[in-house]
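# Secondary and tertiary structure notes
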Amino acid sequence: MGRAVLLALLSAGLVVVPASSGPAAAAPPTPCAAIAAAEPQAGHNMPYAGPVLFASDFPSLTDCEWGFPLGGWGGVKRLGPRTHVPVIFVHGNQADAENWFLVADQFKAIAGYTNQEMYALSYNGLGNAYAGMPTRSQPDALSQAYWGANPNALCCSGGKGASDDPNVPDLYNFIRAVQEYTGSQKVDIVAHSLGVTITRKLLFAHPELRADVLAAVMIAGGNHGTTVCRGIDTSYYGCDEIAPGTNWLAGLNAAGEAPGPTHWMSVYNGTDNADPFFMATPGVFDDRASPHLDGAVNLTYPMTYHNDLRVDPAIVPTYLAFLLAQGQVPAPLGLPAQPVAGTSTLPNTSR
């Protein structure tokens, strides 16, 4: 689906979503629903379904926990032409696939990516605009049209809380759908915030996929716990997974933080309290290095907010260069990798 067509559909409100104007009716119990029910339930509420903006011939998928259509965007034509390995974008908590419109613009402008080469899913339904809002960049025209067509995303009604384990099957099914649709066995993944630990748990649970994921860029992920879950790990939904010191994280990290043959990069602040998800209180705790991954290329960007790390025009080219260098088979002609900017630590450097 072309950008102009997508923008016109969004502006006209002609998006493919379930007919109900409210939250979707409860689906029959599923394994994902049972997994979610076993976690602390504060903050666990049924979301609205997210808009389905894929190309018309993209496979129809169902949200594993909620039973409504899995939303997102991407694709032009099944087995259509492409010059890059497809990239899959995975959003963070209380957000959705809209988060990646600004990034997609930059991938197109810098490296010539097309809609056939970029895909984003909306696990856990419709997001909140503010959950993914950066401070340094203006919203994309597609984002504004998206919010206009889906007013519940603007404030307060969209963006229900999510956790990792119930959404791993959605990401697995989405990767398989992209592989089938594009004809590419190899894919790249760019994930943000909660999407980071979902992606890592996916590759932990499905090691057979590691050879298929050439490069994985993990942005501001709670790899060693997030500050916002401190003290509520036994009461708030998802915090039993990603609060500092949980058994869930210990098991995930003990298996290797950046398992091969996938090439890994982690992008995060790492220095100050500008990212409220990873802060330090002197003499009490210090979560600033939580997103660090042993075995990855780790880039730190001081004085940078959580969502700016995902979309900032000074940062996107650095992780795009990593995808061009490590995530292509073969590397596209005429697109040499750019030097990676930011403050970098080498793989296997201790935190």
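This text goes with the structure placed above it.
Residues numbered from 1 in each chain as written. Predicted model: local features only at pLDDT ≥ 70, side-chain atom pairs only at ≥ 80, totals over all residues. Heavy atoms only, no water.

What follows concerns the packing of aromatic side chains. Scanning the entire structure with this criterion turns up 13 aromatic pairs. Each ring, one from W73 and one from F101, has its centre 5.6 Å from the other, and the planes form 25°; the classification is stacked. Of the two residues, W73 sits in strand β2 (residues 71–74) while F101 sits in helix α3 (residues 101–111), which places them 28 residues apart along the sequence. Here W73 and F101 have matching classes, each one buried. (Phe/Tyr/Trp six-rings, centres within 6.5 Å; stacked < 30°, edge-to-face > 60°. Helix = DSSP H or I, 4+ residues; strand = E, 2+ residues; numbered from the N terminus. Buried < 20%, exposed > 50% of the residue type's maximum accessible area, 1.4 Å probe, protein only.)

Further remarks concern the state of the cysteines. Tallied over the entire structure, the rule returns two disulfides. Through a disulfide, C229 is tied to C239; the S-S separation comes to 2.0 Å. The sign of the -70° torsion about the S-S bond sets the C229-C239 disulfide as left-handed. Pair noted here: C229 is in the loop between β6 (213–219) and α7 (239–242) and C239 is in helix α7, with a separation of ten residues, a long-range link. Residue C229 shares its accessibility class with C239, and that shared class is buried. (Disulfide = S-S within 2.5 Å.)

Once that is clear, we can look at the side chain of T246. Topologically, T246 is positioned in the loop between α7 and α8 (247–254). T246 sits in the buried class, given a relative accessible area of 8%. Only 2.6 Å separates the side chain of T246 from the backbone oxygen of E241, close enough to count as a polar contact. Apart from residues lying up to four places away in sequence, T246 is in contact with C239, D240 and E241. (Polar contact = N/O pair within 3.5 Å; in protein donor to acceptor, adjacent residues only side chain to side chain. Contact = heavy atoms within 4.5 Å.)

Here the focus is α3. What α3 keeps buried is the set F101, L102, V103, A104, Q106, F107 and A111. Looking one or two residues past α3, G112 carries a phi angle of roughly 75°, positive in sign.

A few words now on unusual backbone geometry. Glycine aside, negative phi is the norm for most residues, and most peptide bonds take the trans geometry. Residue P261 follows G260 across a cis peptide bond; omega there is 5°. With respect to the element layout, P261 can be found in the loop between α8 and β7 (263–268). A positive phi angle is found at L79, which is not glycine, with a value near 60°. Secondary-structure assignment places L79 in the loop between β2 and β3 (87–90). Here S193, not a glycine, exhibits a phi torsion of approximately 55°, which is positive.

The subject of this paragraph is the packing of helix α5 (residues 168–182) against helix α6 (residues 194–205). Between α5 and α6, the shortest axis-to-axis distance is 9 Å and the interhelical angle comes to 75°. Considering the angle they form, α5 stands roughly perpendicular to α6. Counting all contacts with α5, which are made through V168, L171, Y172 and I175, the residues of α6 involved are I198, T199, K201 and L202. Taken together, the residues of the contact of α5 with α6 sort by class into six nonpolar, one polar and one charged. (Axes fitted to C-alpha atoms, helices over the stretch in contact; angles between N-to-C directions. Parallel < 35°, antiparallel > 145°, perpendicular 65-115°, else oblique. Nonpolar A, V, L, I, M, F, W, Y, C, P; charged D, E, K, R; others polar.)

This part takes up the side chain of H44. Note that H44 resides in the loop between α2 (31–37) and β1 (52–54). At 2.7 Å, the side chain of H44 forms a polar contact with the side chain of Q41. Polar contacts involving the side chain of H44 include one to the side chain of E65, which spans 2.7 Å. When neighbours within four sequence positions are excluded, H44 is seen to be in contact with A36, E65, W66 and Y237.

Here we take up the pairing of β6. Counting buried residues along β6, seven of its seven residues qualify, which places the element largely inside the surrounding structure. Examined bridge by bridge, strand β5 (residues 187–192) and β6 share six bridges and lie parallel to one another. Counted as the bridge partner of A191 is M218 from β6. Handedness of the crossover is the feature at issue here: the chain leaves β5, passes through α6, returns alongside β6, and the resulting connection is right-handed. Pairing of β6 with β7, which is carried by five bridges, proceeds in the parallel orientation. Counterpart to A216 in the pairing with β7 is W264. (Pairing = 2+ DSSP bridges. Right-handed = clockwise from strand over helix to strand, strands pointing away.)

We now examine the packing of α6 against α8. Viewed as axis vectors pointing N to C, α6 and α8 meet at an angle of 55°, and their least axial separation amounts to 10 Å. Of the possible angle classes, the one that applies to α6 and α8 is oblique. Considering how the two elements wind past one another, α6 and α8 form a crossing that is left-handed. Judged by residue contacts, T197, R200, K201 and F204 of α6 engage W248, L249, G251, L252 and N253 from α8. When its residues are assigned to classes, the contact of α6 with α8 shows four nonpolar, three polar and two charged. (Left-handed = near helix turned anticlockwise from the far one by under 90°.)

Any link to function would need more than the numbers given here.
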